[in-house]
Amino acid sequence: GGAASCSVADENSFLASYFDDNYFWYRLSPKPSPANFSTTAAYFDALLYSGGDAIPNGGGATWPSDRYSGFQSTASFNQFFGDGQTLSYGLAVAGLEVTGQPNAPLLVRYLEPAGPAARAGVQRGERIMSLNGRSAADIITADDFSALTPNAAGDALSVVLRNAAGVDRTVNLTAATFNLTPVQSGQVVRSQNGQSIGYVFIKDMISQVGSPLASVMTTFRDQGIQQLVLDLRYNGGGLVSMGGTVASYGAGNRGAGQAYAKLLYNDKQSNSNQTFNFTNPGAWAGFAKVYVLAGER
């Protein structure tokens, strides 16, 4: 939004101005002419900083390339962060794990509990043989998983799956908008030495985490659980404030007065700098030990 009209030229011109005012690396980043790009997406990519410059007072460290910036439609943003919903097939694959290995098995990595794939009986760990007729080997070689991202509700995805017994079947999925399930598996498990450990899986850092997480943590507190496992392996991020809430349950009163995260803007926007402090939403001492499960994502 913000462009005077919807022409690509006007959108690109607006984007150039926006980057110059708001982009963190605006002093160092490339500034190609907006007239040289036929799509706004291509121009956005061309404006991103590629890294390598020395960080001031950084002890010799250099800035990384910008792998943080992206864009989406306002409708999609509001759907996710406002309504806690997504338009999807509800199917994620372990593509990163097989990069450059076209003959490796492409496995179902995650299923949204309320999504079309889960409702159709797709199982985590099943092998994907093809998507809409395109072989898994071809998809891996091209590093093109776009078939998994629908453009509109009603889009179709035909998935050929191979189960553990080596039997193939075809599942036809229809893209739909559904509620995310950001908190899952809040349960007490036993370690090998008999200790009780609270385990909770948090998929998305959205406001809808608040209520179910409070319920889970109250249960852990009431049972005297001293160790917590936060499973964030499938978490795509989201609100810094919600990340702080999740961390604050673990820290308890030990977080008092400490900063969880600081958001720093460029020198033109430094009035927007913000610190998120630890809170104590459970009003308790927290856990004696917290394990965080994370992956390369």
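In what follows, the structure referred to is the one given above.
A brief look at the structure comes next. (Residues numbered from 1 in each chain as written. Predicted model: local features only at pLDDT ≥ 70, side-chain atom pairs only at ≥ 80, totals over all residues. Heavy atoms only, no water.)

## A look at the nonpolar core
Judged by nonpolar contacts, the single largest core of 23 residues is most densely connected at L91, L106, V122, I128, L157, V159 and L173. Once residues within four sequence positions are removed from consideration, L106 is found in contact with V93, A94, G95, V98, E126, R127, I128, A136, I140 and F145. Counting 20 residues, the second-largest nonpolar core is a separate cluster that includes V216, M217, M242 and V246. (Core = buried A, V, L, I, M, F, W, Y, C linked by side-chain atoms within 4.5 Å. Buried < 20%, exposed > 50% of the residue type's maximum accessible area, 1.4 Å probe, protein only. Contact = heavy atoms within 4.5 Å.)

## Digging into the sheet that holds strand β14 (residues 289–293)
With respect to topology, four strands assemble into an open sheet ordered β9-β10-β11-β14, the strand pairing being mixed. Here the strands that pair on one side only, and so sit at the sheet edges, are β9 (183–190) and β14. Pairs of neighbouring strands in the sheet enclose a mean axial angle of 20°, with direction left out of account. As paired elements, strand β10 (residues 196–202) and strand β11 (residues 227–231) share five bridges and run parallel to each other. Note that in β11 the partner of I197 across the bridge is Q227. Strands in contact with helix α6 (residues 210–222) are β9, β10 and β11; relative to β9, the strand with the most contacts, it is inclined by about 10°. (Pairing = 2+ DSSP bridges. Helix = DSSP H or I, 4+ residues; strand = E, 2+ residues; numbered from the N terminus. Axes fitted to C-alpha atoms, helices over the stretch in contact; angles between N-to-C directions.)

## Points about the packing of α6 against helix α7 (residues 240–251)
Their axes nearest at 11 Å, the elements α6 and α7 cross at an angle of 5°. Looking at the two axes, α6 sits roughly parallel to α7. On the side of α6, the interface is formed by G210, L213, A214 and M217, while α7 contributes M242, V246 and Y249. Grouping the amino acids of the contact of α6 with α7 by side-chain chemistry returns six nonpolar, one polar and no charged. (Parallel < 35°, antiparallel > 145°, perpendicular 65-115°, else oblique. Nonpolar A, V, L, I, M, F, W, Y, C, P; charged D, E, K, R; others polar.)

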